[in-house]
Amino acid sequence: MTNSDVVAFVLFGGSGDLAKRKLYPSLYLNFIKGLLPGDCKIFSVSRLSEEVQAFQAEIFLQLERYVSPSQFSDEKAKAFVKCIRHIQLDVTRDDAWETLETHLERFRHAPIVYYLSVAPRFFGDIAKGIASVSLNQNGARLVVEKPFGHDFESARALNKELRLFFDEHQIFRIDHYLGKESIQNILALRFSNNIFESQWHAGAIESVQITVAEKLGVGDRGDYYDNNGASKDMLQNHMMQLLSIVAMEPPFAFSPDAIRDEKVKLLRSLRPIDADSYSDSCVRGQYVSGQGEASYLEDVDKESSDCETYIAIKGYIDNRRWAGTPFYLRTGKRLAGGVGEIVINFKPSNPELIKSKDGLCSNNKLVINFQPDQDIFLFINKKDNQSESFSVDTARLQLSTKSGDLKQPYERLLGHVLAGDQTLFVRDDEIEVAWKWLDQLAASWEQGGSSPYPYKGFSQGPIEADKLFVESNGWEPIK
Ligand code: NAD
C-alpha cells in the first residue's frame, strides 16, 4: 500500500455508535502500523458539546474495549487520542461550514478525508457544505456509509448530488464485506491459481450458494428494518457484492476501475426476476416465535407487516461463463446459526469410476467462510485407507492459515481510504445496477401480492425455500 499523504481526517458522527465501536479502533490500528501519518489530525464532528480532555478519555476507553489486547498499548493509545479534536456543529445550519473552515484552514492545501458516519439524509448537505468553503479540493476524499439510497431512483439522485461537489474518484462508498479477509481471498484464489480459474465456469461448477445468516432478530432496529427488510438491508448491497466478486470475469489489470468494470458487467448480466419467474426464483420469509423468543411482529410491535426477515433467490447469470449455473443466495435473521459462507459445488467426476463405501462419491466443494470465522476449505476425494475394497472418502483441506490478528474490515478499508485506493469501494454504477435489479424483484412480488412465509425462530428458514433447488444437493445446513 502506498504511503498516505492525508493531513486531516474529519469524522462526521464522531460521537455515534459506529465511530466508537469500529472507526476509532480502526484508525488506531492504522496509526500503530504507520498507515495514518503521525502528524494527521482527527476531527470528530457532532452536535454534542465535548470538553477536549473528557472526549479523548472517552475514546481511550473505547479503544481499550474494542481493540484486541494483543494490539492495544496504553502508550500508543494515549498518543493516538492526542491527535483527536472535537468540533461541535450542526450540519443542518448554514453557519456550520464557516466553523468547519476555521478548524481546517491550515490543512486545505493537502488531502483531507471526510467520513460521513451520520444518517443518509445528511450526505448531500454535508458534501455541499464542504464544497461551499472550497474544502473539497486538493485530493479531498468523501467516505459514505450505507444505506446508499432506498431504490434505484434515490440512489441515482444521491449519486448525482454528491457528484456536484466531489468527483467520482474522490467518493468512497463503504460496503464493509469488501474489507473481509476471506472475500479478498476469493480474488487471490481465483486469479493466482490456474487449478481454480480454469474450472471456474458452468462446465465444471454445478451451483454456487451464498449465505448470510444471523441468529439475532431485529433488536432495536425495528423502525429502520420494517421499511427495508432483508432485501434492502443485505441482498442489494453485501450479497450482490459477494456475487459479483465470485462470478466476475478476470479484470485486465488489478486496478480499482478494471475490477469494478467487471463487477458492474457481472451485475448487468444477472437475469431479472420478473412476475412470471418470481415463484420459481424467490422465497421471502418472516420469523415467528421460536425457542421462547418473540416473533418479528412482537419485536416491531405491529399487528401485521409485509416485511421479509428472510429472502432466498435462485439467480442465473446470462453470460457465456455461467450459462445454466444456478446461484442460490439467502440471507435472514433469527436463523439456526450465525454464519456467512460461499459454497462452490463442482460437478461430479464423469464417469464415476470409483465410489465411496456407501456407493456415493461426493462432489468437490470449495467453502469460503467469511463470518464469524474466516476460513477456506476444499473438499476432495482420496482413497479410503480403512476400506478393504478400493473406495474413496472425502478429505477437508484447510486452505487458510491463521497467523496473528487478521485485519478487521474497517481497518483495511480505512487503510485503503488513507492510501487513496478505491478498489474495495463501490462505484456509482455498481450501486445503481444492483438497485435496478432489486427494484424489479420487489415489483414482481408486489405484483403477485405474495406475503412472506412464516418460519420458526432459530430454524433453517421457510421450508418453501427448499423448492428453489433444481439439483439434488439442496441448501447447506445453517449451523
Ligand atoms: P448514531 O445515531 O449512533 O450516531 C449519529 C451521529 O451523528 C452522532 O455523532 C450525532 O451527534 C451525529 N449527528 C446527528 N445529527 C447531526 C447534525 N445535525 N449535525 C451534526 N452531527 C449530527 O448512528 P451510528 O449507528 O453511528 O450510524 C451512523 C451511520 O452509519 C448511519 O448512516 C448508519 O446507517 C450507518 N451504519 C451504522 C452501522 C452501525 O453498526 N452502527 C453499521 C453500518 C452503517
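Residues numbered from 1 in each chain as written. Predicted model: local features only at pLDDT ≥ 70, side-chain atom pairs only at ≥ 80, totals over all residues. Heavy atoms only, no water.

**Considering the sheet that holds strand β10 (residues 326–332)**
Right, on to step 1. Strand order in this open sheet of nine strands is β14-β13-β12-β11-β7-β10-β9-β8-β15, and the pairing throughout is mixed. With one partner strand each, in any of the chains shown, β14 (392–398) and β15 (453–456) form the two edges of the open sheet. Here the average twist between neighbouring strands, direction ignored, is 20°.
Right, on to step 2. Where strand β9 (residues 310–316) meets β10, seven bridges bridge the pair, whose relative direction is antiparallel. Within β10, the residue paired with alanine 312 across the bridge is arginine 330.
Right, on to step 3. Sitting on the sheet, helix α10 (residues 229–247) touches β7 (205–213), β9, β10, β11 (339–346) and β12 (365–371), and the angle it makes with β10 is about 145°. (Pairing = 2+ DSSP bridges. Helix = DSSP H or I, 4+ residues; strand = E, 2+ residues; numbered from the N terminus. Axes fitted to C-alpha atoms, helices over the stretch in contact; angles between N-to-C directions. Contact = heavy atoms within 4.5 Å.)

**Considerations on helix α2 (residues 52–66)**
Right, on to step 1. For α2, built from 15 residues, the straight-helix expectation of 21 Å at 1.5 Å per residue is met to within 8% by its first-to-last C-alpha distance of 21 Å.
Right, on to step 2. Where α2 is concerned, the buried positions are Phe55, Gln56, Ile59, Phe60, Gln62 and Leu63. Seen end-on, α2 carries its buried residues on one side only, within an arc spanning 160°. Structural note: α2 exposes Gln53, Leu61 and Arg65 on the side pointing more than 90 degrees away from its buried face.
Right, on to step 3. In this structure, the buried residues of α2 make contact with α1 (17–32), β2 (41–46), α3 (74–81) and β3 (84–88). (Expected span 1.5 Å × (residues − 1). Buried < 20%, exposed > 50% of the residue type's maximum accessible area, 1.4 Å probe, protein only. Arc of directions from axis to C-beta.)

**What to know about the site of the ligand**
Right, on to step 1. Contacts to the ligand come from 20 residues, most closely from Ser15, Asp17, Arg21, Asp90 and Val118.
Right, on to step 2. In this structure, an oxygen atom belonging to the ligand sits 3.2 Å away from a main-chain N or O atom of glycine 16.
Right, on to step 3. Contact between the ligand and aspartate 90: a nitrogen atom at 2.8 Å from a side-chain N or O atom of the residue.
Right, on to step 4. The element best represented in the shell around the ligand is α1, accounting for three residues.
Right, on to step 5. Each residue belonging to the shell around the ligand can be placed in one class, and the counts come to eight nonpolar, six polar and six charged. (Near = heavy atom within 4 Å. Polar contact = N/O pair within 3.5 Å; in protein donor to acceptor, adjacent residues only side chain to side chain. Nonpolar A, V, L, I, M, F, W, Y, C, P; charged D, E, K, R; others polar.)

**A word on the pattern of salt bridges**
Right, on to step 1. Applying the stated criterion across every chain, the model contains 30 salt bridges.
Right, on to step 2. Salt-bridge contacts for arginine 321 lead to glutamate 249; the nearest nitrogen and oxygen are separated by 2.8 Å. With arginine 321 in the loop between β9 and β10 and glutamate 249 in the loop between α10 and α11 (256–268), the pair connects residues that are 72 residues apart, well separated along the chain.
Right, on to step 3. Given a relative accessible area of 15%, arginine 321 falls into the buried group.
Right, on to step 4. Residue classification places glutamate 249 among the partly exposed positions, given a relative accessible area of 27%.
Right, on to step 5. A salt bridge links aspartate 393 to lysine 382; the nearest nitrogen and oxygen atoms lie 2.7 Å apart. Highlighted residues: aspartate 393 in strand β14 and lysine 382 in strand β13 (residues 375–383), separated in sequence by 11 residues.
Right, on to step 6. Its relative accessible area of 26% is what places aspartate 393 among the partly exposed residues.
Right, on to step 7. Accessibility expressed as a relative area gives 34% for lysine 382, which makes it partly exposed.
Right, on to step 8. Because the salt bridges share partners, they merge into one network encompassing Asp257, Arg260, Asp261, Arg427 and Asp429. (Salt bridge = Lys/Arg side-chain N within 4 Å of Asp/Glu carboxyl O.)

**A look at the environment of glycine 222**
Right, on to step 1. Note on placement: glycine 222 falls in helix α9 (residues 222–226).
Right, on to step 2. The spacing of glycine 222 and alanine 19 is 203 residues in sequence and 21 Å in space, taken between C-alpha atoms.

**Some words on the nonpolar core**
Right, on to step 1. In terms of nonpolar packing, the biggest core is built from 145 residues, with Phe12, Leu100, Tyr114, Ile342 and Leu441 touching the most fellow members.
Right, on to step 2. Element by element, the count of residues in this core is highest for α10, at 10 residues.
Right, on to step 3. Leaving out residues up to four positions away in the same chain, leucine 441 has contacts with Leu235, Ile273, Tyr278, Cys282, Ile311 and Ile313. (Core = buried A, V, L, I, M, F, W, Y, C linked by side-chain atoms within 4.5 Å.)

**What to know about unusual backbone geometry**
Right, on to step 1. Note that the residue after lysine 146, namely proline 147, is joined by a cis bond; omega there is 0°.
Right, on to step 2. The topology assignment puts proline 147 in the loop between β5 (141–144) and α6 (152–165).
Right, on to step 3. Look at the link from glutamine 371 to proline 372: it is a cis peptide, with omega at 0°.
Right, on to step 4. Along the polypeptide, proline 372 turns up in the loop between β12 and β13.

**Considerations on the packing of α1 against helix α14 (residues 409–419)**
The description of two helices packed together rests on the angle between their axes and the distance between the axes.
Right, on to step 1. Direction vectors running N to C along α1 and α14 enclose 60°, while the axes themselves pass 8 Å from each other. Relative to α14, the element α1 lies oblique. In this structure, the crossing between α1 and α14 has a hand that is right-handed. In contact with Leu18, Lys22, Leu23, Ser26, Leu27, Leu29 and Asn30 of α1, α14 contributes Tyr410, Glu411, Leu414, Gly415 and Leu418.
Right, on to step 2. The residue makeup of the contact of α1 with α14, split by class, is seven nonpolar, three polar and two charged. (Parallel < 35°, antiparallel > 145°, perpendicular 65-115°, else oblique. Left-handed = near helix turned anticlockwise from the far one by under 90°.)

Taken by themselves, the reported measurements are silent on function.
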